[in-house]
Protein chains: 2
Amino acid sequence: MKVGIVTIGNELISGKTQDTNSSFIARLMTVQGWRVPVAISVPDDEGAIRVALSYCMSMSDAVVVTGGLGPTLDDITTAAIAAAFGLTLYTDESVLANLKERFKNFHLKWTDNNAKQAVFPEGVETIENPVGSAWGYFLKKDGKIIAVVPGVPSEVQRMVPESVVPVFRRKLETETSYIESRTIKLSGITEARIDQILAAVNFGTLGVDIGFYPSFPEIQVVLTARCASEKEAKERIKKAEICVTEKLRQYIFAYDQDTLEGTVAKLLSEKKLTLAVAESCTGGLITDRLTDVPGSSVFLERGVVAYSNESKKDLLDVSEDVLRDYGAVSEQVAVLMAEGVRRRGGCDLGLATTGIAGPTGGTDEKPVGTVFIALADGTRTHCRHFSFRWGRRRNKAITSQTALIMLKRYLEGERAHE
Amino acid sequence: MKVGIVTIGNELISGKTQDTNSSFIARLMTVQGWRVPVAISVPDDEGAIRVALSYCMSMSDAVVVTGGLGPTLDDITTAAIAAAFGLTLYTDESVLANLKERFKNFHLKWTDNNAKQAVFPEGVETIENPVGSAWGYFLKKDGKIIAVVPGVPSEVQRMVPESVVPVFRRKLETETSYIESRTIKLSGITEARIDQILAAVNFGTLGVDIGFYPSFPEIQVVLTARCASEKEAKERIKKAEICVTEKLRQYIFAYDQDTLEGTVAKLLSEKKLTLAVAESCTGGLITDRLTDVPGSSVFLERGVVAYSNESKKDLLDVSEDVLRDYGAVSEQVAVLMAEGVRRRGGCDLGLATTGIAGPTGGTDEKPVGTVFIALADGTRTHCRHFSFRWGRRRNKAITSQTALIMLKRYLEGERAHE
């Protein structure tokens, strides 16, 4: 099957916003084993939308349209589609009631322009929006199916996999091929190096496609197999996964939908261990990531963002002498921070970061990107020294990633001895 | 002038690579005062390239084509263009000599497939590549001009501004429009409500386009004016901005490239005030945002992620009695957290959050999304109660946003009394 993509919005075509929906949808369709013959971005303009749809339909069996479904004046996608296909518009009363209910629940004031989001072209099948107020819809025309969804990336990322893909899949039940895919998440290695290491594996012979998707600070390796039976597809993926795992084991931290923080949280919960975190250069990013995991209060006792020397003394019992003799960015201070936060929190483990995120504050001896990460378990404290070379935000991101990976390895190492 | 964009490459259309060339070129053209009516991505396929070119030319005065100019078999852009326009191909001997020289200089082994990069359709004007080996070219057809450049982003980012824009500009010396834009960032209001409030303003009469770009938890309102002179464009934007500011002042937190955390950081630094933060439900997100601002160590003394009752007692001096009588998620505890972190940090200000981020932990009395935010200045402590209704990550995000806005308003209020 060929699936075309039309993304609509002045912001896409003025360069104001990077259109991430096209590549998200293209990837999702490719992973299903479908081809994307064209992706088009057009402004919020009726004529442009009509021409783009017609062009896209001429090249595709199905089309995904995103954007222009909001309540404001510049959102004209539905009107443009109705005009293009000669359809009248109607208000869906159940969607309208749902919208009003949603506003009530969120304590938002209902204004009449929102009713526009309950207006659809006749004959469509609506698609509920689990995370926003603009519903989408399916439209059938000339044996082709068009899915229209809002353009907010977080909504596209829910609605297209959950609602659009299954309907497209049903449309093509005659195509009996089965697709299996596996995402392997790696950190601490470059894409070029992964490519080089995996060059020895002939994925073609295994009947598996391989793709690399870097998303700082991690890289995703995606294996996809398409064949007649589910069993065959799963077997091919399993073989390919074993090849990748054998060669890159030390860099792999999670699979598929799992995250690094989710993996660490699961390990801590399973082992009934508690954690306290003392952050300097990461500024709270480590605890922010850990507390994104539901139920993290079970293992996370406290976090401390010790930006000043005074706070390192008050909250972590780091001594004045050590701060003076070695400086706040030093192995000695990192060790005392990890031990201090662990002891003060009465926890099993203490994790600490100190470093120079930049852009200023570096010296010849300790340039921007110098980072120390320490992990204390009450018996011993392990500290590592890193030299990162990114901008401030990326230095924070890679430091949090590295700290969580140190913690994960520690937890897995313990488990190995059980 | 209307400039269409065609990006070519299998990697763009499989979702393997994010197409950044389209948005780079779109922005560059928009800044020149030109409009981009369409941006199309197609695979390395002769038919698809031909159709895309024809569609794009029908909507544009000029077209920029990127990608498919490399030496490998799948690079077929030049062959496809020659076939589409019925042009023969020739080898440009001076480009060939230049390529061989380049290989020699870089100590690369010359292989004959590289000679493909010196092959062009007849009648083109070549474009030198200052950073790579694939040259580009201009082609004229039906009074329109087509610029073809390689797809490597770093090469696009040199060749399009340096070589393509000047040629396009000469083509249109009569069109001398200037563009000015202004981004206004708002929070705490829905897109629909903004639209309704601004419906009273006739931006058309002011000669200004308006667009809304929601990016949770903020909404950006973008004003754009195109006219013959820079002065006129700036004046139009100024007038429109005054209209927006008058009606939505309380929701505006920043302009253009400024961020909320950057604005708060600037206010704290200017007023020489120090801050300590105690977070429960936001889990470190507030300090993570503040420490993204370079130089934040000047005002941020400490942050505390007090996830357990024990940590609220140890780090913030919240009393056992209050925790027992009112519960950790309560106005009383929020107030004591803000006051405690301020006093312990010896700071001017203390900011605190406590709440139920979800998905579990809610009760009838305090459902998921219940949040208390407190701000203490040593004289008085102000606490507000919110009921958010999102998922865990969004509840954290909107709580951090609301807390930073409370802090910003406090700092601006103080300034008003100076």
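Small disclaimer: the values here were computed from a predicted structure and weren't measured. (Residues numbered from 1 in each chain as written. Chains lettered and ligands numbered in written order. Predicted model: local features only at pLDDT ≥ 70, side-chain atom pairs only at ≥ 80, totals over all residues. Heavy atoms only, no water.)

### Re the overall build of chain A
Then comes step 1: Each helix and strand counted, chain A has 15 helices and 17 strands in total.
Then comes step 2: With respect to the three principal axes, the spread of C-alpha positions in chain A is 80 × 60 × 40 Å.
Then comes step 3: Buried residues in chain A amount to 56% of all 418 residues.
Then comes step 4: Counted over contacts in chain A with a minimum sequence separation of 6, partners at least 24 positions apart contribute 67%.
Then comes step 5: In the structure as shown, chain A presents an accessible area of about 17400 Å², 49% of it carried by carbon and sulfur atoms. (Helix = DSSP H or I, 4+ residues; strand = E, 2+ residues; numbered from the N terminus. Buried < 20%, exposed > 50% of the residue type's maximum accessible area, 1.4 Å probe, protein only. Contact = heavy atoms within 4.5 Å. Areas by Shrake-Rupley, 256 points an atom, 1.4 Å probe, with all protein chains shown as cover.)

### Some details on the sheet that holds strand E2 (residues 39-42) of chain A
Then comes step 1: Taken in spatial order, the 12 strands line up as E6(A)-E7(A)-E8(A)-E3(A)-E1(A)-E2(A)-E2(B)-E1(B)-E3(B)-E8(B)-E7(B)-E6(B) in an open sheet, and their pairing is mixed. Of all the strands in the sheet, just strand E6 (125-127) of chain A together with strand E6 (125-127) of chain B have a single pairing partner and so form its edges. Averaged over neighbouring strand pairs, the angle between their axes works out to 20° when direction is ignored.
Then comes step 2: Pairing of strand E7 (residues 136-141) of chain B with strand E8 (residues 144-149) of chain B involves five bridges; the strand directions are antiparallel. Within E8(B), the residue paired with Tyr137(B) across the bridge is Val148(B).
Then comes step 3: Its contacts with the sheet put helix H3 (residues 46-59) of chain A on strand E1 (3-8), E2, strand E3 (62-66), strand E7 (136-141) and strand E8 (144-149) of chain A together with strand E2 (39-42) of chain B, and the angle it makes with E2(A) is roughly 175°.
Then comes step 4: Each of E1, E3, E6, E7 and E8 of chain A is contacted by helix H6 (residues 153-171) of chain A, which is oriented at about 170° to E8(A), the strand it contacts most. (Pairing = 2+ DSSP bridges. Axes fitted to C-alpha atoms, helices over the stretch in contact; angles between N-to-C directions.)

### Considerations on the packing of aromatic side chains
Residues and elements named next belong to chain A.
Then comes step 1: Counted by the stated rule, this structure contains 13 aromatic pairs over all chains.
Then comes step 2: A centroid spacing of 5.5 Å and a plane angle of 10° characterise the contact between Phe386 and Phe388, whose relative ring orientation is stacked.
Then comes step 3: Of the residues examined, Phe386 reaches a relative accessible area of 12% and is grouped as buried.
Then comes step 4: According to the relative accessible area criterion, Phe388 is buried, its value standing at 10%. (Phe/Tyr/Trp six-rings, centres within 6.5 Å; stacked < 30°, edge-to-face > 60°.)

### Some remarks on the pairing of E8(B)
All names here are of chain B.
Then comes step 1: Burial runs high along E8: five of the six residues are buried.
Then comes step 2: With five bridges joining them, strand E3 (residues 62-66) and E8 adopt parallel strand pairing. If you follow Ala62 over to E8, its bridge partner there is Ile145.
Then comes step 3: Count of turn residues in the E7/E8 antiparallel hairpin: two residues, of which Asp142 carries a positive phi of about 55°.

### Re the environment of Ala328(A)
Residue and element names in this part refer to chain A.
Then comes step 1: Within the secondary structure layout, Ala328 lies in the loop between helix H13 (320-326) and helix H14 (331-345).
Then comes step 2: Distance from Ala328 to Ser308, taken between C-alpha atoms, is 8.9 Å for residues 20 residues apart in sequence.
Then comes step 3: For Ala328, the contacting residues outside a window of four places in its chain are Asn309, Lys312, Leu323, Val333 and Thr354.

### Overview of the interface of chain B and chain A
Then comes step 1: The interface is formed by 73 residues belonging to chain B together with 79 residues belonging to chain A.
Then comes step 2: When the two sides are added together, the surface that chain B and chain A hide from each other amounts to roughly 5700 Å², 51% of it contributed by carbon and sulfur.
Then comes step 3: For the interface between chain B and chain A, the tally reads 12 salt bridges.
Then comes step 4: Of the charged contacts, one joins Arg393(A) and Asp292(B) as a salt bridge, the two residues approaching to 2.7 Å between their closest N and O atoms.
Then comes step 5: Along the contact surface separating chain B from chain A lie 36 residue pairs in polar contact (both at pLDDT 80 or more).
Then comes step 6: It is strand E14 (residues 300-305) of chain B that provides the largest number of residues to the side of chain B that touches chain A, a total of six residues.
Then comes step 7: Taken together, the residues of the side of chain B that touches chain A sort by class into 30 nonpolar, 25 polar and 18 charged.
Then comes step 8: Examined bridge by bridge, E2(A) and E2(B) share three bridges and lie antiparallel to one another. Within E2(B), the position partnered with Ile40(A) by the bridge is Ile40(B). (Buried area = accessible area lost by both parts, 1.4 Å probe. Salt bridge = Lys/Arg side-chain N within 4 Å of Asp/Glu carboxyl O. Polar contact = N/O pair within 3.5 Å; in protein donor to acceptor, adjacent residues only side chain to side chain. Nonpolar A, V, L, I, M, F, W, Y, C, P; charged D, E, K, R; others polar.)

### Concerning the side chain of Ser296(A)
Then comes step 1: The topology assignment puts Ser296(A) in the loop between helix H11 (285-290) and strand E14 (300-305).
Then comes step 2: Residue class for Ser296(A) comes out buried when judged on its relative accessible area of 1%.
Then comes step 3: Residue contacts for Ser296(A): discarding those within four places in its chain leaves Leu290(A), Thr291(A), Tyr307(B) and Arg392(B).

### Structural notes on the confidence of the model for chain A
Then comes step 1: Per-chain confidence: chain A averages 91 in pLDDT, with 97% of residues scoring 70 or above.
Then comes step 2: Reported for the predicted complex are a pTM of 0.75 and an ipTM of 0.75. (pLDDT = per-residue confidence, 0-100.)

### Digging into the environment of Ser387(B)
Then comes step 1: You can see Ser387(B) is positioned in strand E17 (residues 381-387).
Then comes step 2: Looking at Ser387(B), the relative accessible area reads 29%, which means it is partly exposed.
Then comes step 3: Here the alpha-carbon distance between Ser387(B) and Lys366(B), two residues 21 residues apart in the chain, equals 9.0 Å.
Then comes step 4: Non-local contacts of Ser387(B), meaning those with residues more than four positions away in its chain, are made with His107(A) and Gly369(B).

### Remarks on the sheet that holds strand E9 (residues 178-187) of chain A
Residue and element names in this part refer to chain A.
Then comes step 1: Ordered by their spatial adjacency, four strands build an open sheet running E10-E11-E9-E12, and the pairing between neighbours is antiparallel. What marks the edges here is a single partner per strand, and that holds for strand E10 (209-215) and strand E12 (252-255). Each strand axis lies, on average, 25° off the axis of its neighbour in the sheet, ignoring direction.
Then comes step 2: Bridge count for E10 against strand E11 (residues 218-227) is seven bridges, and the pairing is antiparallel. Looking across to E11, one finds that Pro214 is bridged to Ile219.

### Considerations on the nonpolar core
Then comes step 1: Judged by nonpolar contacts, the single largest core of 62 residues is most densely connected at Ile40(A), Val42(A), Tyr55(A), Ile146(A), Ile40(B), Val42(B) and Tyr55(B).
Then comes step 2: Setting aside residues up to four positions removed in sequence, Tyr55(A) forms contacts with Val38(A), Ile40(A), Ile40(B), Val42(B), Ala48(B), Val51(B), Ala52(B) and Tyr55(B).
Then comes step 3: The next biggest cluster of nonpolar side chains, apart from the first, holds 46 residues, and it includes Ala334(A), Cys347(A), Val304(B) and Val318(B). (Core = buried A, V, L, I, M, F, W, Y, C linked by side-chain atoms within 4.5 Å.)

### Some words on the side chain of Thr291(B)
Then comes step 1: Of note, Thr291(B) is situated in the loop between helix H11 (285-290) and E14.
Then comes step 2: A polar side-chain atom of Thr291(B) sits 3.2 Å from the main-chain carbonyl oxygen of Asp288(B).
Then comes step 3: Setting aside residues up to four positions removed in sequence, Thr291(B) forms contacts with Thr282(A), Gly283(A), Tyr307(A), Arg392(A), Lys396(A), Ser296(B) and Leu300(B).

### A short note on the packing of helix H7 (residues 191-198) of chain A against helix H9 (residues 230-248) of chain A
Residue and element names in this part refer to chain A.
Then comes step 1: One can describe the packing of H7 onto H9 by two numbers: an axis separation of 10 Å at closest approach and a directional angle of 115°. At the point where H7 passes H9, the crossing takes the right-handed sense. Contacts between H7 and H9 involve Ile194, Ile197 and Leu198 on the former and, on the latter, Val244, Lys247 and Leu248.
Then comes step 2: Each residue belonging to the contact of H7 with H9 can be placed in one class, and the counts come to five nonpolar, no polar and one charged. (Left-handed = near helix turned anticlockwise from the far one by under 90°.)

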